[in-house]
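Given next are the chains, with one letter for each unit.
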Amino acid sequence: MRRRSFLVAALLFAAPFGAPQTISDDLGTPCPLPARTPERIVSMAPNVTEILFALGLNGRVAGVTRFCDWPPEARALPKIGGLVDPNIEIMRSLDPDLVIAFRGNPLRLVERARKLGLPVFVLDIGEGLDALVPLIERVGRITRTEARAAELARGLRGRLEAVDAARRGILSRPKVFVLLYGQGLWTCGGASYVNDLIARAGGINIAAAMPKKWVLYKRERIIKDDPDIVIILARSAADFSAGRDRFTKLAGMGSVKAVRTGRIYELDENAASRFGPRLIDVLERMASLLHPEPAGGRK
Amino acid sequence: MSRRTGRTLFLAVSLFFCLAGFLISLLTGPVRTGPGDLLRLLQEPDPVLSAIFIDLRLSRAVLAFLVGAALALSGAILQGYFRNPMADPFVVGVSSGASLGAVLATALGFEAAAVGFSGPGLLAFLSGLGLVSLVYALSLRRGGFKVETLLLTGIAAGSLASALTSFFLFMRSDSYDQAVFWLLGSFQLAEWSQAATIAPWLVLCLAVSAWLARDMDLLALGDETAQALGSPVRRVRKIFLAMSALLAALAVAVSGIIGFVGLVVPHWVRLLIGPGHRALFLSSALVGGTFLLYCDLLARNLLPAELPIGVITAAAGAPFFLYLLHKKR
């Protein structure tokens, strides 16, 4: 009893003068929690850049990757290199007070940057759509923009709930085939968050049984699965129409329902491939493509 | 020009290029810097400049130099050992064997360090030594080597080791950058601790090989003759083979497979200063280090994104290899 009260007293006294708070990153490395919002943040991934801008940290981003093209003003920022080949020398020269890495950045490089004294915070929470809002809140925590992050999270959660509510009113779940524009019939398997997007929007991904993120699908299987809708992830309208023409002209595709009914739609590959706030835009667009009938008062 | 002045001149020119290489390495990089920044750093400490110049550029240049020296010395030893100017740690399969060991150690989580060696470094040495011994045993015919047999055995065994390396790398699906590192080499992640690991071993091997250089000269006359002239042939052979594997393994453990350095450098040196092994070993190390320093400069400055250094050394070395094959005919 006495011991406990001593402990309480110690905590009470220690708290204001104690060591700075620490927060563990997703690899379990403890990082000191900055006392106030960092001034020079280096983002090592495009989705991190988008989240930083969404949190209003525009003026505080010191460096981004060469793939960071959204929002457009990110393009003017100094480039540290790519996702797998960022240049440590450039990163060091920017003298950042926070570096945010994401899965896809090589671990050895992250460790090397740390040894050089760079304050690297690694983000690697789940793959599913459910991990998106917690990810944004986590970026908010490490950049000390918790209030802004909470507001953003509330908005995104509200939009997710609206999609969920509309889905409950649907009569049928269309079968969807997602095609990544380019060579071969690449589609998203069950481990991809695009699979989550389809399910959440009220559809069935025909490749959901494939336990991978991206898989090369067989033409016969598309014909057999007979999707109601084909969605092409494309960078531009030109890519989309080229992809659509190529797909519909493949031998045997004439029998597929989506081709017969002309339900082949475009989705912005750039937004859909970034695990950031724009994913909710993609989800809403997907839901309106899958269920154009005004169910549950959707726009 | 006497032989002695020729050697002095050669040494002076090599040293000049070596120092110039270090200076250029310090001053070039993705961040624009000039001699003024370097002088400023010497006058007053600056954390950013010091990180760029000392922790990134200088450590990288020193490591590239040490690895180049190790590979060239390993090549010079192997060429004497096999009495064959085509031998090289890459061609004979030591490098591929060593990288298999290193990748295997990483895959098995065998990362502990012992006697200044990391787990991958130790396994790299053992598997490099194992592979070169295998190639040696397979290509030995009645006490002699046929060039073609040696090269083909080395290439076949090396390819097998590379295939296994790729297999282990791709089992772990997240490791594209790791695959490029182990199979084509890079100094991108160089740091001082790596240089400190290989430097003492390199110095030791240089000293021992200079000390036993006379015996290597005798080996060129054939094992029986060398034995008759009083050289402990079997022991000398064992020591040299172990050193060549050790040097190649050290190089591979810190920078992945970098081919052809051990092939071309001893050749150039032999052309310029003659076949005596003591001078050949020491000069090969100096020239090899300098050569790799310049190759790394190209690897990091040629394109906006970094090239694997193995691409540069192969581009410089493979044509030379072909030329040697052609000349032999």
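Residues numbered from 1 in each chain as written. Chains lettered and ligands numbered in written order. Predicted model: local features only at pLDDT ≥ 70, side-chain atom pairs only at ≥ 80, totals over all residues.

So, the overall build of chain B
Using the following cut-off: The helix and strand labels rest on DSSP assignments: H or I over at least four residues marks a helix, E over at least two residues marks a strand, and numbering proceeds from the N terminus. When we talk radius of gyration, it's over C-alpha atoms, and the globule rule is simply 2.2 Å times the number of residues to the 0.38. Note on burial: count the other C-beta atoms lying within 10 Å of the residue's C-beta; 20 or more is buried, 12 or fewer is exposed, in between is partly exposed, and C-beta positions come from the backbone. Contact between two residues is assigned when their C-beta atoms, built from the backbone, lie within 7 Å.
When helices and strands are tallied, chain B shows 14 helices and 2 strands. Here the C-alpha radius of gyration of chain B, 20 Å, is about what a compact globule of 329 residues would show, namely 20 Å. Each of the three principal axes of chain B carries a C-alpha extent, and together these read 65 × 60 × 40 Å. The proportion of buried residues among the 329 residues of chain B is 48%. Taking all contacts inside chain B whose residues are at least 6 apart in sequence as the whole, residues at least 24 apart take part in 76%.

Overview of the domain arrangement of chain A
All names here are of chain A. The condition that has to hold: Residue ranges assigned to the domains are those given by an automatic or database domain assignment. By the convention adopted, Pro, Cys, Tyr, Trp, Phe, Met, Ile, Leu, Val and Ala count as nonpolar, Lys, Arg, Asp and Glu as charged, and the other residues, Gly among them, as polar.
Here chain A is partitioned into domain 1 (19-152) and domain 2 (171-290). Here the C-alpha centroids of domain 1 and domain 2 sit 31 Å apart. Contacts between the two partners involve 13 residues from domain 1 and, on the opposite side, 12 residues from domain 2. At the level of elements, helix H2 (46-54) and helix H5 (132-142) are the ones that each hand at least two residues to the side of domain 1 that touches domain 2. Tallying contributions element by element places H2 first for the side of domain 1 that touches domain 2, with 5 residues. A per-class count over the side of domain 1 that touches domain 2 returns 9 nonpolar, 2 polar and 2 charged.

A short note on the interface of chain A and chain B
Taken together, the contact pairs 18 residues of chain A with 14 residues of chain B. Taken together, the elements giving at least two residues each to the side of chain A that touches chain B come down to helix H3 (88-93) and helix H4 (107-115) of chain A. When residues of the side of chain A that touches chain B are assigned to their parent elements, the largest contribution, 5 residues, is made by H3(A). Considered class by class, the residues forming the side of chain A that touches chain B number 6 nonpolar, 5 polar and 7 charged.

With respect to the sheet that holds strand E7 (residues 175-180) of chain A
Residue and element names in this part refer to chain A. The cut-off we apply is this: Two strands are said to pair when DSSP picks up at least two bridges between them. Axis definition: a line fit to C-alpha positions, over the contact stretch in the case of helices; interaxial angles, taken between N-to-C directions, run 0 to 180 degrees.
The sheet built from 4 strands is open, its strands ordered E9-E7-E11-E12 with parallel pairing. With one partner strand each, in any of the chains shown, strand E9 (204-205) and strand E12 (264-268) form the two edges of the open sheet. Pairing of E7 with E9, which is carried by 2 bridges, proceeds in the parallel orientation. In the strand pairing of E9, lysine 175 is matched with isoleucine 204. In the packing of helix H12 (residues 278-290) onto the sheet, contacts are made with E7, strand E11 (229-234) and E12, and the angle to E12 comes to roughly 175 degrees.

So, the pairing of strand E6 (residues 120-123) of chain A
All names here are of chain A. Rules: Clockwise travel from the first strand over the helix to the second, with the strands pointing away from the viewer, marks a crossover as right-handed.
The side-chain alternation of E6 yields two buried faces, one formed by Val120 and Val122 and the other by Phe121 and Leu123. Sheet topology note: the strand E5 (residues 98-102)/E6 ladder contains 4 bridges and is parallel. Residue alanine 101 lies in a different strand from E6, and its bridge partner there is valine 122. For the handedness criterion, the β-α-β arrangement of E5, H4 and E6 is classed as right-handed.

A closer look at the confidence of the model for chain A
Residue and element names in this part refer to chain A. The test is simple: Each residue carries a pLDDT score, the predictor's own confidence in it, on a scale running from 0 to 100.
The share of residues in chain A with pLDDT of 70 or more is 91%, and the mean pLDDT across the chain is 88. At the level of individual helices and strands, chain A shows its lowest average pLDDT in helix H1 (residues 2-17), which scores 50, and its highest in strand E3 (residues 41-43), which scores 97. Counted against residues more than four places away or in other chains, residues 10-18, with its pLDDT under 50, gives 0 contacts. The low-confidence segment residues 295-299, where pLDDT is below 50, has 8 contacts with residues more than four positions distant or belonging to other chains.

Some remarks on helix H7 (residues 193-200) of chain A
Residue and element names in this part refer to chain A. Across the 8 residues of H7, 6 count as buried, placing the element largely inside the fold. Every buried residue belonging to H7 is among Tyr193, Val194, Asn195, Asp196, Leu197 and Ile198, and all of these are buried. If you follow the buried residues of H7, they end up packed against E7, strand E8 (186-188), E9, helix H11 (269-272) and H12. In the stretch just after H7, glycine 202 is the one whose phi turns positive, near 95 degrees.

Points about the nonpolar core
Proteins that are soluble and globular tend to have nonpolar side chains buried together. Put simply, the rule reads: Remark: nonpolar core denotes a set of buried Ala, Val, Leu, Ile, Met, Phe, Trp, Tyr and Cys residues whose joining runs through C-beta atoms within 7 Å.
If you look at the biggest cluster of nonpolar residues, it comprises 175 residues, and the most contacted ones within it are A:Val99 and B:Ala70. The residues that make up this core include at least three from each of domain 1 (19-152) and domain 2 (171-290) of chain A. In this view, B:Ala70 contacts B:Ile198, B:Leu202, B:Leu247, B:Leu250 and B:Ala251; residues no more than four positions away in its chain are not counted.

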